[in-house]
Amino acid sequence: MNLRYTVFVSFIVALGGFLMGFDASVISGVVKFIEPQFDLTKIQLGWAVSCLTLTATLAMFMAGPLSDKLGRRTVLKYAAALYFISAIGSAIAPSFWFLVLARMVGGFGVGASLIIAPMYIAEIAPPKMRGRMVSLNQLNIVLGISVAFFTNYLILQLGKSNTGWAEMLQFENYNWRWMLGLEALPAIIYFLFLFFVPRSPRWLAMKGLDDEALQVMEKSLGADEAKIQLKSITKSIKASPQKEKTSLKELFKPSMKLVLLIGIVIAVTQQITGINSVFFYAPMIFEQTGIGTDASFSQAILVGLINLVFTLFAIWLVDRIGRKPLLIFGLTGIAISMFILSAGFGRATYQLTDKDIQECASFAGSENLASMQNIVFYSDLDFNKALKNNISDKAFKEHQTDFISKAISINPWLVLIGILGFVASFAISIGPVMWVLFSELFPNRIRGLAISFVGLINSGVSFLVQLVFPWEQMNFGNATTFLIYGIFGTVGLVFVFFMLPETKGKSLEELELILVRE
């Protein structure tokens, strides 16, 4: 077995996960700037964030059949090209809808790499190393999220520096465009590196190219093991056309009621507790505490690092202590963290002093704010409503966070602890564990169809959460929004505690006997 070769190829392919994580979370640093630039409503702002998930979901269904026809490596090359086109298009976007279309192009790359990268790695890795090699993709997704938070902060700081090259590149004037355009660089690297990756041996065998498949497998398995594995693959391929095709009706048979219910609830809970609100709007949430733009971007980096560290813990623990204990621990942490966030924002007060109003006079007019002077507001809803009644919509969109940072009285550490606790709880539990459960819960004959079905539900809920979060903040307030997430987390916890069986150490056949009830 050639360990070095297997790791090298798997790592290159897993860079698709890095691009996916980067592309998904880089928007977190952009929302603050595009809202006033394109004069967006809160729903439009949510659409700019969530549109990526919409096309990614569609691509997830297209990528598998397309890779069977064209090859795994070819589809990954197309994905790399789509990432590049999306990055450049987003960076030069002259309008809101151009930006949305550019991000939707990137969504096709996200969906393709999410499905094909782990599929390719599983097909080339030796059985004993498959789990670790496939986990490289998940690790790269989390790493991409962390790097996006860091580069957003770096670009923001470069824009404020006096260095000649940073001024020449206009990081200050085009900060959000640089944030989005930077992805073009790893996209090019990924595209070029894929030329050093062989075609998938399983795909080659499917196409009858056994000699080339054997050559590829010999590089990772050795000559003797490669022949054994290739024989097994060709036998499986020959048998597969004889298998009965499964239909969606099988999912809704009475015997599948329990396992389908568990799958759907877990898929919904993973997203409806608000993880993508935090990943995609982290700086915006932190700015609501009044800490300022720089501090909010730097704290977003902590979100990425915590996510990375606790994902590694989850990979290490999932086969040691089991799925259900991790989920119970994580969902408890999710609910508590969201209640802490809700309490933190619920106890905040807002008051503009005469000094604050004078400092805001240049962009709002002191006479417009005179009626708000020294009035104490006990919620962000009331404060924002008063602001909107006294200043122009343009001034509100451009300087809302400036007003909040001057007026708010809150414990920002409480918010930081709540956010980091939530991310840690998610990353060590329902984030990665959901996919492990999906691979175990469903009977062999319908596993692929069932995972696609619950995956679609998961993506749909993710899209809706991202879309409505800015609207929720404006219409429900931060305290109520996070309270809702906490309640959903509690409901999910109760369901897991009473309804989910432990799958650790049980064969797939044993689980089928437990869950599928005739």
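Our subject is the structure listed above.
Residues numbered from 1 in each chain as written. Predicted model: local features only at pLDDT ≥ 70, side-chain atom pairs only at ≥ 80, totals over all residues. Heavy atoms only, no water.

Caption draft 1: Geometry of the nonpolar core. Membership of the largest hydrophobic core comes to 153 residues, with the highest contact counts inside it found for Ile34, Val303, Leu369, Phe383, Phe403 and Ile419. If one sorts the elements of this core by residue count, helix H5 (residues 96-124) sits on top with 11 residues. Those residues within four positions of Ile34 in sequence are excluded, and the remaining contacts are Asp39, Leu40, Leu45, Ala48, Leu99 and Trp176. (Core = buried A, V, L, I, M, F, W, Y, C linked by side-chain atoms within 4.5 Å. Buried < 20%, exposed > 50% of the residue type's maximum accessible area, 1.4 Å probe, protein only. Helix = DSSP H or I, 4+ residues; strand = E, 2+ residues; numbered from the N terminus. Contact = heavy atoms within 4.5 Å.)

Caption draft 2: Up close: the environment of Asn478. Note that Asn478 resides in helix H25 (residues 478-499). The class for Asn478 is buried, based on a relative accessible area of 1%. C-alpha separation for the pair Asn478 and Gln44, spaced 434 residues apart in sequence, amounts to 19 Å. If near-sequence neighbours (up to four positions away) are discounted, Asn478 is found in contact with Gln288, Phe345, Asp380 and Gln473. Among the polar contacts made by the side chain of Asn478, one reaches the side chain of Gln288 at a distance of 3.5 Å. (Polar contact = N/O pair within 3.5 Å; in protein donor to acceptor, adjacent residues only side chain to side chain.)

Caption draft 3: Spatial organisation of the pattern of salt bridges. Tallied over the entire structure, the rule returns seven salt bridges. Between Lys42 and Glu35 there is a salt bridge, with its nearest N and O atoms 2.9 Å apart. No difference in accessibility class separates Lys42 from Glu35, as the two residues are buried. In this structure, Glu398 and Lys394 form a salt bridge, with 2.7 Å as the shortest nitrogen-oxygen distance. On the criterion of helical spacing, the pair formed by Glu398 and Lys394 is a turn pair, its members being four residues apart in helix H21 (residues 393-407). Of the residues examined, Lys394 reaches a relative accessible area of 53% and is grouped as exposed. (Salt bridge = Lys/Arg side-chain N within 4 Å of Asp/Glu carboxyl O.)

Caption draft 4: How the structure looks around the packing of aromatic side chains. What the rule picks out here adds up to 18 aromatic pairs. Ring centres of Trp47 and Phe463 lie 5.5 Å apart, and the angle between their planes is 85 degrees; this geometry places the pair in the edge-to-face category. Of this pair, Trp47 sits in helix H3 (residues 42-70) while Phe463 sits in helix H24 (residues 447-476); the two residues are 416 residues apart in sequence, bridging distant segments of the chain. Trp47 sits in the partly exposed class, given a relative accessible area of 22%. Take Phe463: its relative accessible area is 12%, and that puts it in the buried class. Pairing Tyr281 with Phe469 gives two aromatic rings, centres 5.0 Å apart and planes at 35 degrees, and the pair type is tilted. On the criterion of sequence distance, the pair formed by Tyr281 in helix H14 (residues 275-287) and Phe469 in helix H24 is long-range, its members being 188 residues apart. (Phe/Tyr/Trp six-rings, centres within 6.5 Å; stacked < 30°, edge-to-face > 60°.)

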